[in-house]
Amino acid sequence: MSLPPVQKLLRQLPVGPTGWPKPPEDGGVAEEVTSPVLATEAGQPTCYSALRADELRPLAGTKPACPQDPLVMVALEEHDDLKEMLDSNKDSLKLEAMKRIVAMIARGKNASDLFPAVVKNVACKNIEVKKLVYVYLVRYAEEQQDLALLSISTFQRGLKDPNQLIRASALRVLSSIRVPIIVPIMMLAIKEAASDMSPYVRKTAAHAIPKLYSLDSDQKDQLIEVIEKLLADKTTLVAGSVVMAFEEVCPERIDLIHKNYRKLCNLLIDVEEWGQVVIINMLTRYARTQFLSPNQNESLLEENTEKAFYGSEEEDGKDAKAEAAMLAKCKPYVMDPDHRLLLRNTKPLLQSRNAAVVMAVAQLYFHLAPKAEVGVIAKALVRLLRSHSEVQYVVLQNVATMSIKRRGMFEPYLKSFYIRSTDPTQIKILKLEVLTNLANETNISTILREFQTYIRSMDKDFVAATIQAIGRCATNIGKVRDTCLNGLVQLLSNRDELVVAESVVVIKKLLQMQPAQHSEIIKHMAKLTDNIQVPMARASILWLIGEYCEHVPKIAPDVLRKMAKSFTNEEDIVKLQVINLAAKLYLTNSKQSKLLTQYVLNLAKYDQNYDIRDRARFIRQLIVPTEKSGALNKYAKKLFLAQKPAPILESSFKDRDHFQLGSLSHLLNAKAVGYQELPDWPDEAPDPSVRNVEVPEWTKCTSREKRKEKVEKPFYSDSEGESGPTESADSVTPPPVQPIPSSSIISTSLVTDLEGLTLTDSSLTPTLLSPAFSAVKTYELLHRMAGEGLAVEYCFSRRPFPGDPHMVAVQIQISNNTDTEVKNLRVNEPKPLSGMRIQEFPEIEHLAPGDTASVVMGIDFCDSTQAANFQLCTHTRQFYVSIQPPVGELMAPVFMSENEFKKEQGKLMGMSEITEKLMLSEKCQSDHTIVQQLTSAANVGRVPCGASNEYRFAAKTVTSGSLVLITLERREGSTAQLTINSEKMVIGTMLVKDIIQALAQ
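Thresholds, definitions, all that
Residues numbered from 1 in each chain as written. Predicted model: local features only at pLDDT ≥ 70, side-chain atom pairs only at ≥ 80, totals over all residues. Heavy atoms only, no water. Helix = DSSP H or I, 4+ residues; strand = E, 2+ residues; numbered from the N terminus. Buried < 20%, exposed > 50% of the residue type's maximum accessible area, 1.4 Å probe, protein only. Polar contact = N/O pair within 3.5 Å; in protein donor to acceptor, adjacent residues only side chain to side chain. Contact = heavy atoms within 4.5 Å. Phe/Tyr/Trp six-rings, centres within 6.5 Å; stacked < 30°, edge-to-face > 60°. Patch = residues over 30% accessible without salt bridge, like charges linked within 9 Å, V, L, I, M, F, W, Y side chains within 5 Å. Areas by Shrake-Rupley, 256 points an atom, 1.4 Å probe, with all protein chains shown as cover. Salt bridge = Lys/Arg side-chain N within 4 Å of Asp/Glu carboxyl O. Core = buried A, V, L, I, M, F, W, Y, C linked by side-chain atoms within 4.5 Å. Pairing = 2+ DSSP bridges. Axes fitted to C-alpha atoms, helices over the stretch in contact; angles between N-to-C directions.

Caption draft 1: Spatial organisation of the side chain of D860. By secondary structure assignment, the location of D860 is in strand β11 (residues 852-860). For D860, a relative accessible area of 5% puts it in the buried group. There is a polar contact of 3.1 Å between the side chain of D860 and the backbone nitrogen of C862. A polar contact is formed between the side chain of D860 and the side chain of T959, at a distance of 2.7 Å. With residues up to four places along the chain from it excluded, the contact list for D860 reads H806, M807, G835, M836, R837 and T959.

And the structure:
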């Protein structure tokens, strides 16, 4: 069959990363491939999905026979078009290109050769493009490690991006580059992200921990510190991810869970579904080590009721005394409150829509709950049987294990385990297992009727399992044994050979219990040797005839004669039973079977299988006495015809409960890699106080002295709020002050009140004051990753700068996070804007590893919020940094009387006055909170005011000394009016925005 020319051409071209043919780079003959252009996918040509309508128009009239077919050219140039779009200056083209590339990846196409073109756009300012670029990089960073390493500085800058999604994506890409050389950078990035204000970024940091641990396990100690920090996180978004990291890195460090146990229990209901699964499994193992077994007294009573079958009265008396003493020592069980907390908080999750969560709660209750409470999980598990077959398979595996020990809790739902004709074979067999486990004298008649229906199924494996289930029911319930046996005998006349064979095997096991009563059945089975060809069934019949040959003395020799004829054609398992039958008949009926036995042994002597040859030699020496044979032949009859115990038909799930339910090891019935054994219950309860969380001392103190002893950091909520691009999460702790009554109108600073006491109404003489109480914010000047281990932060101390009152004092804190000493730390080549002045701090000659130095520098910002730029230098490096002040830090507080305030306010009217209305937030309803929020936004002083609903503040700009007067008047409800009077209109406008933001948030 000849191929069209285009298809011949395409078969000679190698497939490109996206499935498009491309020319071979080495000029050699490419391997034969099938063109995706001619192949169809869901009835559509795959290449068309990447083309626009205007690109398809010129292709409508092309001829396939032409070597320069436009469709082929489009296929060859597709990646070139994408590269051109990625190199374009238009964000819309870049976004379209990235959408196509991500779509190719989603369809399973290889887009790795676009890595250089994509990675260049990681610095793109368009957020949507940047998100898609990071999606691409996460996919290919591990494959293209060399190219990814070239862009590592860009990823580091992404870690400081204002957008939380970009920060998280940058960390995800960084952790996907699996190169040992960047382990220190990854560690710094994870530590930084663990302190991020965004819970999403902290969650990503938790995901990166196992990646780093698998790359370099030597970092375990540092990673444990990060895990300990993240375990204390109060957000539900982080909880599941950090517990997963804990399970991967240090599952043995159970001490890390103690303080967070109650918090995890309370957060559990709101955690994402897969996080719930991880937390529940971890808490199951934790509870097994920290609490006592709730069923310990019940299990002790059960053991004491099972007495030995053989024993003297004296021994029984001794045992009774020992039991009485043991029971007297047993204390009544009282459940630990933390144990009850876990059971109570997980119970609602039985209604989860996620099958894995329901299964996790079910295994927790099975392993931890008192027997009386375990029954609540049955209804939830039965509900899961309406789900997909994969879910049914896992659930039924666990139900089969539970139903062996806790049969009662599934009995009300017996009909839920009836088998449907549409069920897969594996599901049918598992349901049979559960039905057999639930069978008792009450419901056995119903179950057997179901089994009769199942035997008529066309699924032979299922029919065989049903016959085995009937045998198990007959073994476990004595009153239906004869009924089951008669039913199985009727199956011996079935046309299907596999059904007959399985029935023979099960009947053989049942007959061992009462062989004397069922000799007719043995005779009936002996006649089946002519028809049944299944080796296991033939072997079972021969074993039965040989074992009970005394009950069928006339039939047994005839069966041996028939089997001797076909001996050489039988399977090995049948040959072994023929030899056993011959030996037993020789010992019981040697007259009729002596020659047959010798004939069979001679055939076996030269058999190809060495097991059969060995068995023949062994039996010959044992049953045929000769001069060389030892004394064993005297005991041959006892050896061969000894009474053998009846087999016990047990469930294959009986011993699986030593694996944790719901685990892969339980499913496979073998220990899987990474499986953690479920700990045994402790004999004595460990100390429960380890789970007590200490309440911070400042919340307990009432006296002034105790409050002074301990200063707490300001509390930051774990909300989704984003910090600014340079604002740090930490802040300098303010000095402790006396609590202020909410109704008080006194200034927040005692110094302010004392300095404000004037005896005369003298003319206005503004006085510089110490700053009012507020939390001073800390800003980042140099990130420790950008500074190669050198971290620099700054804050505005709100104190006069010594030497020049027109400069703003900036306190700088320098930390050396490297392993080497940093020398000659100084400010070099300050480049302030016109009019600005910078007073450098004294040079720091040495800064040892791990040390921190604090210095003060002065900057004259000229009453402007423009940044002051300068170089921070060490003995080896130079870093370009800048300090940009908030408008509230460009002023110093001033005290004046109420009359002086009104007088000066009257001078600053018209263009110098700005008025805005605002809504106060819920937390800004008290006087103290309003004053605190306003003074934190601006460095101002409180002015006394006679009106209870009015607040006045005054300050002057540091450089020019211009007055800034602030009036806040509360109205009805949460409304308020803000008025600012200042000749510096720009400062007034910016200050209004900052104050409104502080009071409204």
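So much for the structure itself; the text now carries on.
Caption draft 2: Structural context of the packing of aromatic side chains. For the coordinates displayed, the defined rule picks out 13 aromatic pairs. Judged by centre distance (5.6 Å) and plane angle (25°), the rings of Y779 and Y794 are stacked. In this pair, Y779 sits in strand β5 (residues 776-782) while Y794 sits in strand β6 (residues 790-800), placing the two residues 15 residues apart along the sequence. You can call Y794 buried: its relative accessible area is 4%. Judged by centre distance (6.2 Å) and plane angle (70°), the rings of Y779 and F796 are edge-to-face. A residue pair is termed long-range when its members are at least 10 positions apart, and Y779 in strand β5 and F796 in strand β6 qualify at 17 residues.

Caption draft 3: Fine view of a nonpolar patch on the surface. Residues L632, Y635 and L639 make up a contiguous nonpolar surface patch of about 330 Å² in total accessible area. Relative to the elements of secondary structure, L632 occurs in the loop between α33 (610-623) and α34 (636-640).

Caption draft 4: Main features of the nonpolar core. In this structure, I101, Y136, L137, L381, M402, F417 and F451 are the most contacted members of the largest nonpolar core, which totals 199 residues. Per-element accounting of this core gives the leading share, 10 residues, to helix α20 (residues 355-368). Among all residues touching M402, those that are not within four sequence positions of it are M359, A362, F366, I377, L381, R407, M409, F410 and L661. Counting 33 residues, the second largest nonpolar core, distinct from the first, contains L790, V810, V822 and F841.

Caption draft 5: Inspection of the sheet that holds strand β8 (residues 822-828) at higher detail. The sheet built from four strands is open, its strands ordered β10-β8-β12-β13 with antiparallel pairing. Either end of the sheet is taken by a strand with one partner, and the two such strands are β10 (844-847) and β13 (878-883). The mean inter-strand angle of the sheet, taken between neighbouring strand axes irrespective of direction, is 30°. Bridging between strand β12 (residues 868-873) and β13 involves six bridges; their strand directions are antiparallel.

Caption draft 6: Highlighting the pattern of salt bridges. Going through the model one piece at a time under the given rule, you end up with 36 salt bridges. Residues R253 and D255 are paired through a salt bridge, measuring 3.0 Å at the closest nitrogen-oxygen approach. The class of R253 is partly exposed, set by a relative accessible area of 28%.

Caption draft 7: Up close: the pairing of β6. Counting buried residues in β6 gives eight out of 11 residues, a clear majority hidden from the surface. One ladder, built from three bridges, connects β5 with β6; its direction is antiparallel. Residue L782 lies in a different strand from β6, and its bridge partner there is V792. Sheet topology places β6 next to strand β7 (residues 808-816); eight bridges connect them, and they run antiparallel. Its bridge partner lying in β7, F796 is registered against V810.

Caption draft 8: How the structure looks around the environment of P800. Among the secondary structure elements, P800 is positioned in strand β6. With 158 residues separating them along the chain, P800 and V958 place their C-alpha atoms 9.3 Å apart.

Caption draft 9: Highlighting the side chain of T818. Tracing the chain through its elements places T818 in the loop between β7 and β8. Here the side chain of T818 touches N816 through a polar contact of 2.5 Å, side chain to side chain. Within the structure, the side chain of T818 is placed 3.0 Å from the backbone oxygen of T820, a separation counted as a polar contact. Not counting the four nearest positions on each side in its chain, T818 is found in contact with E788, G789, L790, P849 and G850.

Caption draft 10: Molecular detail of unusual backbone geometry. Within the chain, E788 stands out as a residue other than glycine whose phi angle is a positive 55°. Within the fold, E788 resides in the loop between β5 and β6. Unusually for a residue other than glycine, R798 sits at a positive phi of about 60°. For R798, the location among the structural elements is in strand β6.

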